[in-house]
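Each chain, written out:
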Amino acid sequence: MGNAYKGDDYVKVGGKWTRFIHGVELNGNPICGIKQKLHSHWKNLEGIFNSDDSCSSKRRFFFSLCSTYRDILHCDKRPFYLKSKEDDSSIMDAYIMHALNHVHMIREDVLKNDAKLNKDENCKWEEIHCGDVYLDQGFTRPKVMLLLPLASIAFQVVKRLVQLSPLSHKGNVAHMDRFSEEFGTGDAEGDDENSDGSLESQKRAKPVDFQALFGGNNNDHFMMGIKFTKRSIKLYSNFYSSDIIVASPLALITKIGETEFDKEKNVDYLSSIEVLIIDHADVITMQNWSHVNTVMEHLNLMPSMQHGTNVMRIKPWYLEGHARFYRQTILLSSFLTPEMNALFNRLCVNYEGKVKLIGKHKGVLHKVLLQVRQVYERFEASSIIDTDNARLEYFSKKVFPKLKDSLEGGTLVFISSYFEFVRIRNFLKSQNASFCLLGEYTKQSDVSRSRLWFFEGKRKIMLYTERAHFYHRYKIRGITNLIIYSLPERKEFYPEILNMLEGSKNMSCSVLFSRFDLFRLERIVGTSAAKRMSSSDKATFVFC
């Protein structure tokens, strides 16, 4: 257990270094048998296993790691929208191949045992009682769940899943047209807005990574079942007859919420999930991470009804309420947050153990194009629970008095979370300060008014949240003084925000942080500098 570090094809698990290659540990013990028909199909696909390039090597490595059935936290994955499409695709291929392999193994065991039992009706009950050969089922059929943030990402994942299935070449995929229509294009509202070309022109003015992430279907409320039969793949299958469920956290939360008001509804199809894959968790953090916690707390619970399952063939750990210990969770993100860490430590309890893939950060200070003096001020907090109060106290006593006495405006306060945004807003109100708001819930008319007031100097201070920047990438004019109240989770936002100071004569930047902001800090200034700044006797650090 514990942390793991990946270097080339090596993984450190619980203090032991192990090398994985071609699905086999270096000591020769097979991790997991790939079903022959899957392996034959993948061999025929260019670049899956028959290539020596780096992407194929990463694909083989991560597939081998998934096949250990340990819980995995990969918090250094380079996403497709940050110019790492091939690297991201390699990881995606690996977990899809693992999911397909798992589903096919289970279905083949069930069908094989069905055939045996149907062959000899007289002895089937005696055989079931005497051994565990026929204990091959869970409470319900779905065994794999893919949790994804946006329909456009789900579109790419499901398309690739179909391509990697041996049934794909037969063209026997039910409801593919409906899937392409619902997941492959924007919603109706987006089409209406785009009728005059204004929305499209706005998108083109955004950074490249914004266009790559939000250039497709941005629906975050979707859910679909996928069923595999001997001759076909059925999209939009009933959840209880599906093998794989593809969903967004919001859609699952809606389903879970419905069960609280309607007792006839249930989410028992979550009771037998054996492989949970959460991809692009960094994007989900910009939505609502608490949804992920809630979904995971509803996995592998005892079902409210039988759902036609043969109780005599249910695996014992399901009946004993231990299914969560046999569930593999694969959590993929481009960065690590304390919330992800907490979820991995608290809710990922696989008996096979855990693997964490981490990396060192070089920082993004070199991407700041302006010669701006960046002053990092460390405030003290006794515990992580006390951090929010300590940050606000430091701001109100050390930072705000300077702003209040200054006659100049143009101060942008960048805030990472909405909770902090509300606290700062309430504090400024109590001080009768001249300020305007630009948050994720600010109406469009108010956004335009705030930006104009701030540019013209009618409001001295603007509060700007990370989520507002994530979803809109506003270019704010009139900034002369930048205060980063809390560092952004996404490191690429730091140089973007600082580069907005372009054109200012007396530009300045102040950054507040504590030793509990290490994850964010190391992504900005680099791992070595972050550790030094968190433990140094000095409390002020300057970068130019």
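The structure displayed is predicted, hence computed values, not measured ones.

Visitor: Hey, could you run me through the overall build of the protein chain in this one?
Guide: Each helix and strand in the protein chain was counted, giving 21 helices and 20 strands. For the protein chain, buried positions account for 53% of its 544 residues. A fraction of 77% describes how many contacts in the protein chain between residues 6 or more apart in sequence connect residues 24 or more apart. Accessible surface computed for the protein chain: about 25,600 Å², of which carbon and sulfur atoms make up 50%.

Visitor: Is there a simple way to explain the packing of aromatic side chains in this structure?
Guide: The description of two aromatic rings rests on the distance between their centres and on the angle between their planes. Going through the model one piece at a time under the given rule, you end up with 27 aromatic pairs. With a centroid separation of 5.4 Å and an interplanar angle of 75°, the aromatic rings of Phe-214 and Phe-470 are classed as edge-to-face. Of this pair, Phe-214 sits in helix H9 (residues 208-214) while Phe-470 sits in helix H18 (residues 466-472), and the two are 256 residues apart along the sequence. Each member of the pair Phe-214 and Phe-470 is classed as buried. With a centroid separation of 6.2 Å and an interplanar angle of 75°, the aromatic rings of Phe-395 and Phe-427 are classed as edge-to-face. Residue Phe-395 is found in helix H15 (residues 387-405), and its partner Phe-427 is found in helix H16 (residues 418-430); the two are separated by 32 residues along the sequence. Across the pair, Phe-427 and Phe-395 agree in class, each one buried. Ring-pair connections join several aromatic residues into one group, and the members of that group are Phe-139, Trp-317, Tyr-318, Tyr-326 and Tyr-351.

Visitor: Sorry if this is basic, but what is going on with the pairing of strand S11 (residues 275-278) here?
Guide: If a strand is regular, its side chains alternate between the two faces of the sheet. Residues of S11 alternate between two faces, with Val-275 and Ile-277 on one and Leu-276 and Ile-278 on the opposite face, all of them buried. Of the pairings in the sheet, the one linking strand S6 (residues 144-147) to S11 comprises four bridges and is parallel in character. Looking across to S11, one finds that Val-144 is bridged to Val-275. Both S11 and strand S12 (residues 328-332) contribute to a ladder of four bridges, which runs parallel. Within S12, the position partnered with Leu-276 by the bridge is Thr-329.

Visitor: Hey, could you run me through the sheet that holds S6 in this one?
Guide: Picture the strands of a sheet paired through backbone hydrogen bonds; they go either parallel or antiparallel. Read across the sheet, nine strands follow the order S7-S9-S8-S10-S6-S11-S12-S5-S13 without closing on themselves; strand pairing throughout is mixed. Unpaired on one side and paired on the other, strand S7 (173-174) and strand S13 (354-357) mark the two borders of the sheet.

Visitor: Mind showing me how you'd approach the nonpolar core here?
Guide: A general feature of soluble globular proteins is that nonpolar side chains tend to end up buried together. Residues Phe-62, Tyr-95, Ile-226, Leu-235, Ile-244 and Val-246 are the most contacted members of the largest nonpolar core, which totals 58 residues. Sequence-distant contacts of Tyr-95, defined by excluding residues within four places in its chain, comprise Leu-146, Leu-148, Val-157, Ile-277, Asp-279 and Leu-332. Counting residues in each nonpolar core, the second largest holds 37 residues, with Ile-476, Leu-501, Val-525 and Met-533 among its members.

Visitor: Explain the pattern of salt bridges to me, please; I cannot follow it from the model alone.
Guide: According to the stated counting rule, one finds 25 salt bridges in the structure shown. With a closest N to O distance of 3.5 Å, Asp-282 and Arg-490 form a salt bridge. With a gap of 208 residues between them, Asp-282 in helix H11 (residues 281-284) and Arg-490 in the loop between strand S18 (481-484) and helix H19 (493-498) connect regions that are remote in the sequence. Overall, Asp-282 belongs to the buried group, its relative accessible area being 1%. Overlapping salt bridges bring together Arg-59, Asp-93 and Arg-160 as one network.

Visitor: Hey, could you run me through the environment of Val-368 in this one?
Guide: Locating Val-368 in the fold gives a position in the loop between S13 and strand S14 (374-378). Val-368 gets classed as buried once you look at its relative accessible area, which sits at 10%. Separated by 176 residues in sequence, Val-368 and Cys-544 have C-alpha atoms that sit 9.3 Å apart. If sequence neighbours within four positions are ignored, Val-368 has contacts with Gln-374, Tyr-494, Pro-495, Leu-498 and Asn-499.

Visitor: Explanation requested: the sheet that holds strand S17 (residues 461-465) in the structure shown.
Guide: The strand order across the open sheet built from seven strands is S16-S17-S15-S18-S19-S14-S20, with neighbouring strands paired in mixed fashion. The two strands at the open ends of the sheet, each matched to only one other strand, are strand S16 (435-438) and strand S20 (540-543). Looking at each pair of strands side by side, their axes are set apart by 20° on average, direction ignored. Summarising the sheet, S16 and S17 pair through four bridges and their orientation is parallel. Within the sheet, the bridge partner assigned to Cys-436 lies in S17 and is Met-462.

About the criteria used
Residues numbered from 1 in each chain as written. Predicted model: local features only at pLDDT ≥ 70, side-chain atom pairs only at ≥ 80, totals over all residues. Heavy atoms only, no water. Helix = DSSP H or I, 4+ residues; strand = E, 2+ residues; numbered from the N terminus. Buried < 20%, exposed > 50% of the residue type's maximum accessible area, 1.4 Å probe, protein only. Contact = heavy atoms within 4.5 Å. Areas by Shrake-Rupley, 256 points an atom, 1.4 Å probe, with all protein chains shown as cover. Phe/Tyr/Trp six-rings, centres within 6.5 Å; stacked < 30°, edge-to-face > 60°. Pairing = 2+ DSSP bridges. Core = buried A, V, L, I, M, F, W, Y, C linked by side-chain atoms within 4.5 Å. Salt bridge = Lys/Arg side-chain N within 4 Å of Asp/Glu carboxyl O. Axes fitted to C-alpha atoms, helices over the stretch in contact; angles between N-to-C directions.

That's the geometry; what it means functionally is another story.
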